[in-house]
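The lines below spell out each chain.
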Amino acid sequence: MLAALIGGFVIIVLGVVDQTIAFSAIDWNVIFFLIGMMLTISVMRETGMFMYIAIKTAKIAKGSPLKIMALMFMATALISAILGSVTTIMILIPIVLLISEELKITPVPFIITMVVASNMGGAATMIGDPPNILIAGATKFTFVDFVLNLTPIILIIVAFSLGLIWLLYRGKMRVSNERRAKIMEYNDKNLITNHKLLWITLSVVGLMLLAFIFQKPLHLENATIAMAAGLILVFVGSRKKVETIILNDIDWITIFFFIGLFMIVEGLVHTGFIDLLAQGVISVTNGEPKTTSMVILWLSGIFSAFVDNIPFVAAMIPMIERIGEVITDPVQIKPLWWALSLGTCLGGNGTLVGASANIVAVGIANRNGYKISFMDYTKIGVLFALESVILSSLYIWIRY
Amino acid sequence: MLLASFLEPRNILFENRVLTKEQLYQILVDRLCSQYKLPICGSKLMELILQRDEEVSPAYSTGIAIPHIRMENFNDTLIAMAFLQNPLDYNGIKVSWVVLIITDKTSSKLYLNIVAALLKLSNDKEAVADLHNTGDGHSVIQYLKKKEVEVKKDVTIADIMVQKPIAVHPENTLRELINLMCMYRVAGMPVVDATGKYIGEVNVLNLLKVGIPDFVMMLDDLSFLASYEPLENLLEKQDLLLVNDIMATDEKTLSPETSIIEAVFLMFTNKKRYLSVVKEGKLVGLVTAMDILTKVIAV
């Protein structure tokens, strides 16, 4: 965060861009969208619905490790599509650590597959992962566009991934009946205590989704919708103090990271670095849309496996805008954006350092005495990353 | 301010007779009432003193008893004292020096400082013996003047802290810590090394945390879990882990000169009900919120 913020002001001090231009590059639609979602998520979390889903999932699996893994994979993907990967991981990894401790099996395979699922789920919707939020901010794509173009391929990828899990882990985890019974004893009745809050929250979130679906006729921007939902929930529904939520539940580090990032990218655009990159890509593909999509998909996938995907997407966005000056047909430029989204989100699964969720999850595991090395993660993660980028290539190639 | 400045020779008695507590109090009360116009006097005052004695024993282990009464609308502080040849028994404590203090409802600080000065003096065995040997009020006052026994203007932590509190060493096992906590019924204590140097603190929550891993603390809600083995089996680790493994080393400490208000302020800002008192790196005392309540406010 600090690096991004310092970088943002260094480019002003050095005179790369002046302050007015740097500040105008900050996409307030993205910033307030993030804040609005963070408020919404904070109240959703307070209802206990996510804990309920997680505990219920373990019980439905009847304590069988492979079933828990498969169901947790799906639950993680589903929740990530709403909360984003990092928040989901922070809620679910502690639960899976508890479950595996009770079952007396290692949690490492669960953690790795759930990280993979979180990055996949986050790619499925506009509100899931930061790359999509950035792309939505830069383009005219609506919530529905994301659902129509990204959700289908993610569903396919999740289905194939479940097959991969079966191939990798079947018959490898044994649990005694006594241990299994402990999971079945979990009492999920008390997890949702405030039913009124739950219904208010679900209604407001439902209305928010409706507003996203009809945002064009309603003439509402993402930030307005998210902030409206977040503020209503915080004021109407929350038992906690408003100040506490604003202070603790809004991730200001992320917000300032984004602000700094927007300024830096503006600096890169002004130096002509982005132009150079765009020309490079076009010279390789001759501006042919399908080939360009493939190049962007694989380039993003490979890059995102090693560097943080948020700054990468932030830099790629102006590049695709430049390419858009060559490929002028809006129908042909579309798949480039989807390729960018899928490449960055799914490529992040490739190595331990590929995405924030990976680092957060491994951090939690390490703190609890389960060491997951770079190779431990990567040898599993790269399989899922390859599987999903290959499926994405086929999808983009066939569909667009 | 010197303690001697608050005393008058005629209010300092030397008593050779065998008296009861009540008889002695009556003599002291009569002394004061004959000279000063008090809002409450005579048998009413006696009643108040005895009632107060019932509530809180005025006797200290150093052999001094300091009964006191605070009156409304009495803008003065009076002291009468008696040195006894035949000690009085205050529930097992032998008292040979009784000091009656009558003061205003509002002047608790001065009262506390006089008590602090008297207690300090009563700790000095030689000085107490000297005082007994003086034989008359004038000499007592002269002696105190010469010794420069001061009444401090302000109460500090040093006046109310528990001196030489129970403490553990970092190399003690959790079993030893648990035994100490149970024996003294305390929820926390300072940690010191062999030379008495303050190192940190350890409390019952640090201890219970041994049975709760980090990831459990990250959960939003634990209501689904009826029992948790690692917590219930905490005692399995009591010989394996040392105080050093669980103690906190970044706790706020006080110096003996800290004021009462600052100590209360630090209790709030650090969300703690007790603080260790450290002087030149060594642990010298411990002060609890209850000490402040019972020794400063509800006196």
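Source: prediction; values computed, not measured.

A. View of the overall build of chain A. Scanning chain A for helices and strands turns up 22 helices and zero strands. Projected onto its principal axes, the C-alpha coordinates of chain A cover approximately 65 × 45 × 40 Å. Evaluated residue by residue, chain A yields a buried proportion of 49% over its 400 residues. Within chain A, contacts between residues separated by at least 24 positions form 83% of all contacts whose residues are at least 6 apart in sequence.

B. Spotlight on the overall build of chain B. Of regular secondary structure, chain B possesses 13 helices and twelve strands. Computed over its C-alpha atoms, the radius of gyration of chain B comes to 24 Å, more than 25% above the 19 Å expected for a compact globule of 299 residues.

C. Expanded view of the environment of Lys182 of chain A. For Lys182 of chain A, the location among the structural elements is in helix H11 (residues 177–184). For the pair Lys182 of chain A and Gly63 of chain A, spaced 119 residues apart in the sequence, the C-alpha separation amounts to 8.3 Å.

D. Quick look at the environment of Trp166 of chain A. Positionally, Trp166 of chain A belongs in helix H10 (residues 151–169). In this structure, the C-alpha to C-alpha distance between Trp166 of chain A and Leu66 of chain A, residues 100 residues apart in sequence, is 7.8 Å.

E. Broad picture of the pairing of strand S5 (residues 78–90) of chain B. All names here are of chain B. Where strand S1 (residues 12–15) and S5 come together, four bridges link them in parallel fashion. Bridge assignment links Ile12 to a residue of S5, and that residue is Met81. Both S5 and strand S6 (residues 93–104) contribute to a ladder of nine bridges, which runs antiparallel. Pairing of Ala80 across the sheet is with Leu100, part of S6. As consecutive antiparallel partners, S5 and S6 are separated by two residues, and within that stretch Asn91 has a phi angle of approximately 45°, a positive value.

F. Geometry of the packing of helix H3 (residues 28–46) of chain A against helix H8 (residues 130–138) of chain A. Residue and element names in this part refer to chain A. Taken N-terminus to C-terminus, the directions of H3 and H8 make an angle of 140°; their axes are 9 Å apart at the nearest point. By the angle class used here, H3 and H8 are oblique. Handedness of the crossing formed by H3 with H8: right-handed. Contact with H3, carried on its side by Asn29, Val30, Phe33 and Leu34, involves Ile133, Leu134 and Gly137 of H8 and no other residues of that element. Of the residues in the contact of H3 with H8, the class split is five nonpolar, two polar and no charged.

G. Structural view of the nonpolar core. Counting residues in hydrophobic clusters, the biggest one holds 131 residues, and the most contacted among them are Val96, Ile111 and Met114 of chain A. Considering each element in turn, this core owes the most residues, eleven residues, to helix H6 (residues 85–103) of chain A. Contact partners of Ile111 of chain A, with chain neighbours within four places excluded, come to Ile93, Val96, Ala361, Ala365 and Ile372 of chain A. Core analysis: the second largest hydrophobic core is formed by 64 residues, Ile66, Phe83, Val168 and Ala263 of chain B among them.

H. Fine view of the domain arrangement of chain B. For chain B, the assigned domains are domain 1 (3–153) and domain 2 (162–297). Taking only C-alpha atoms, the centre of domain 1 of chain B and the centre of domain 2 of chain B are 38 Å apart.

I. Quick look at the environment of Thr173 of chain B. Residue and element names in this part refer to chain B. The topology assignment puts Thr173 in the loop between strand S7 (162–163) and helix H7 (174–184). It is 21 Å that separates the C-alpha atoms of Thr173 and Asp250, two residues lying 77 residues apart in sequence. Contacts of Thr173, omitting those with residues within four sequence positions, involve Gln238, Asp239 and Leu242.

Cut-offs applied
All residue numbers refer to positions counted from 1 along the written sequence of the respective chain. The order in which chains are written sets their letters, starting at A; the order in which ligands are written sets their numbers, starting at 1. Residues qualify for local features only when their pLDDT is at least 70, as the model is predicted, and side-chain atom pairs are given and counted only at 80 or more; totals for whole chains, interfaces and linings, by contrast, use all residues. Runs of H or I in DSSP of at least four residues are treated as helices and runs of E of at least two as strands, each being numbered from the N terminus. With C-beta atoms placed from the backbone, a residue is buried if 20 or more other C-beta atoms are within 10 Å of its own, exposed if 12 or fewer are, and partly exposed between those counts. Each residue is represented by a C-beta atom placed from its backbone, and any two residues with such atoms within 7 Å are regarded as in contact. The globule rule used here is 2.2 Å times the number of residues to the 0.38 power, and the radius of gyration it is set against is calculated over C-alpha atoms. Here, a strand pair is defined by DSSP locating no fewer than two bridges between the strands. To define axes, lines are fitted to C-alpha atoms, for helices over the stretch in contact only, and angles between the resulting N-to-C directions are given on a 0 to 180 degree scale. For this classification, under 35 degrees means roughly parallel, over 145 means roughly antiparallel, 65 to 115 means roughly perpendicular, and everything else is oblique. If you view the pair so one helix is near and one far, a crossing is left-handed when the near helix is turned anticlockwise from the far one by less than a right angle, and right-handed when it is turned clockwise. Residues are grouped as follows: Ala, Val, Leu, Ile, Met, Phe, Trp, Tyr, Cys and Pro are nonpolar; Asp, Glu, Lys and Arg are charged; all remaining types, including Gly, are polar. The term nonpolar core refers to a group of buried residues, namely Ala, Val, Leu, Ile, Met, Phe, Trp, Tyr and Cys, whose C-beta atoms join them within 7 Å. What fixes the domain bounds is an automatic or database domain assignment.

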